[in-house]
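# Structural characterization, general
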Amino acid sequence: MTSHSLPSQAFRSARPLGVGQALSNLALATARLTQALLSSLRRPVRHNRRLSVIEEANELRNFASAYLRTDPGFAADLMAAADRHELTDAKA
């Protein structure tokens, strides 16, 4: 029967943070949270207007253009879906 032994490493224990450093980290986190909350309140509100079929298809095409370089197959599928979406409305 064989056995393997792995070398062990000695780790230093983490240095405890001082009170000043802990308060500094807390103040930084609070500032970032406040900034995120304020920026979320400044976002424009979309009016709940129903988009036309052509506008929906154009939004899908704009979304697909973001994937042209990274995933051209997926972008082509999205473009085809936009075309089909427009055609189903034209037939109705």
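See above for the structure.
Rules and cut-offs
Residues numbered from 1 in each chain as written. Predicted model: local features only at pLDDT ≥ 70, side-chain atom pairs only at ≥ 80, totals over all residues. Heavy atoms only, no water. Helix = DSSP H or I, 4+ residues; strand = E, 2+ residues; numbered from the N terminus. Buried < 20%, exposed > 50% of the residue type's maximum accessible area, 1.4 Å probe, protein only. Areas by Shrake-Rupley, 256 points an atom, 1.4 Å probe, with all protein chains shown as cover. Expected span 1.5 Å × (residues − 1). Arc of directions from axis to C-beta. Salt bridge = Lys/Arg side-chain N within 4 Å of Asp/Glu carboxyl O. Patch = residues over 30% accessible without salt bridge, like charges linked within 9 Å, V, L, I, M, F, W, Y side chains within 5 Å.

This next bit is on the overall build of the protein. Counting its regular elements, the protein contains three helices and zero strands. The order of helices and strands in the protein, counted from the N terminus, is α-α-α. Expressed as a percentage of its 92 residues, the buried residues of the protein come to 9%. Approximately 8800 Å² of the protein is accessible, and the part contributed by carbon and sulfur atoms is 59%.

Before going further, it helps to examine helix H2 (residues 53-65). An α-helical segment advances 3.6 residues per turn. Residues three or four places apart therefore align on the same side. Compared with an ideal rise of 1.5 Å per residue, which puts 13 residues at 18 Å, H2 spans 18 Å between its outermost C-alpha atoms and is within 8% of the ideal. For H2, the set of buried residues is Val 53, Ala 57, Arg 61 and Ala 64. Projected down its long axis, H2 carries its buried residues within an arc of 75 degrees, all on one side.

In total, this model carries three salt bridges according to the counting rule given. A salt bridge links Glu 56 to Arg 50, with the shortest nitrogen-to-oxygen separation between them at 3.3 Å. Here Glu 56 falls in the partly exposed class, since its relative accessible area comes to 24%. Salt-bridge contacts for Arg 61 lead to Glu 86; the nearest nitrogen and oxygen are separated by 3.0 Å. A residue pair is termed long-range when its members are at least 10 positions apart, and Arg 61 in helix H2 and Glu 86 in helix H3 (residues 72-91) qualify at 25 residues. For Glu 86, a relative accessible area of 26% corresponds to the partly exposed category. Here the salt bridges share partners, and the residues they tie into one network are Arg 61, Asp 83 and Glu 86.

Attention now moves to a nonpolar patch on the surface. Together, Val 19, Leu 23 and Leu 26 make up a nonpolar patch on the protein surface, roughly 320 Å² of accessible area in all. Along the chain, Leu 26 falls in helix H1 (residues 19-41).

It is worth stressing that arrangement in space is one thing and function is another; only the former is reported here.
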